[in-house]
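# Topology and contacts: notes
Below are the chains, spelled out letter by letter.
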Amino acid sequence: MTSSRRVARVSVAIRRADDERVLLLADGTLPSFDVDAAVPWQVVAAVTPSILERVGIEVVTLRAAWVSDTADQRLYDAILVGGEVPPGAAWWERDVIPKRLALASASAGLRGAI
């Protein structure tokens, strides 16, 4: 018997403590990963270790900034506290990010939450 585990896509808007610009990866997307959708969106425990594992930087997760109606898409705000951003990644002004995310096929809800 196969189990179809529902997943939620988590995107993370990472900024530096002294700067409002947000990190986009080389492919024009926010750092992101999947979690089990059964995990309540209020639980941010997976964000910090997942970003360290996937992007190689240390962050402190601040809050859930946006959650889709079905909670299958989530955006969290985080602050960079250590490490070097990956090659090709860059800091972008917040007002440019929705356009960049549209090019990367992000949902309208996610783009509007930035």
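Before going into details, it helps to say that this report is about the structure given with it. (Residues numbered from 1 in each chain as written. Predicted model: local features only at pLDDT ≥ 70, side-chain atom pairs only at ≥ 80, totals over all residues. Heavy atoms only, no water.)

Our next topic: the overall build of the protein chain. A count of helical and extended segments in the protein chain gives three helices and six strands. Reading the helices (α) and strands (β) of the protein chain from amino to carboxyl end gives β-β-β-α-β-β-β-α-α. Of the roughly 6,400 Å² of accessible surface on the protein chain, 52% is carried by carbon and sulfur atoms. (Helix = DSSP H or I, 4+ residues; strand = E, 2+ residues; numbered from the N terminus. Areas by Shrake-Rupley, 256 points an atom, 1.4 Å probe, with all protein chains shown as cover.)

Further remarks concern helix 1 (residues 47-55). The set of residues buried in helix 1 consists of Val 47, Ser 50, Ile 51 and Val 55. Projected onto a plane normal to the axis of helix 1, the buried residues spread over an arc of 100° and lie on a single side. Close packing links the buried residues of helix 1 with strand 1 (7-15), strand 3 (32-36), strand 4 (58-67) and strand 5 (73-82). (Buried < 20%, exposed > 50% of the residue type's maximum accessible area, 1.4 Å probe, protein only. Arc of directions from axis to C-beta. Contact = heavy atoms within 4.5 Å.)

On to the environment of Ile 97, then. The residue Ile 97 is located in helix 2 (residues 97-103) in this model. The class for Ile 97 is buried, based on a relative accessible area of 0%. Note: C-alpha distance between Ile 97 and Arg 21 (76 residues apart in sequence) is 9.3 Å.

Okay, the nonpolar core next. Soluble, globular proteins show a tendency: their nonpolar side chains are buried together. Grouped together as the largest cluster of nonpolar side chains are 19 residues, with contacts concentrated most on Val 12, Ile 14, Phe 33, Ile 51 and Ile 57. If you list the elements that add at least two residues to this core, you get strand 1, strand 3, helix 1 and strand 5. By residue number, the principal contributor to this core is strand 1, which donates four residues. In this structure, Ala 13, Val 22, Leu 24 and Leu 75 belong to the second largest nonpolar core, which totals six residues. (Core = buried A, V, L, I, M, F, W, Y, C linked by side-chain atoms within 4.5 Å.)

Even without being a glycine, Ala 71 presents a positive backbone phi close to 60°. Structurally, Ala 71 can be placed in the loop between strand 4 and strand 5.

What follows concerns the environment of Val 81. Residue position: Val 81 is located in strand 5. Separated by 66 residues in the primary sequence, Val 81 and Arg 15 place their C-alpha atoms 9.5 Å from one another. Beyond its immediate chain neighbours, meaning those up to four positions away, Val 81 contacts Glu 58, Val 59 and Val 60.

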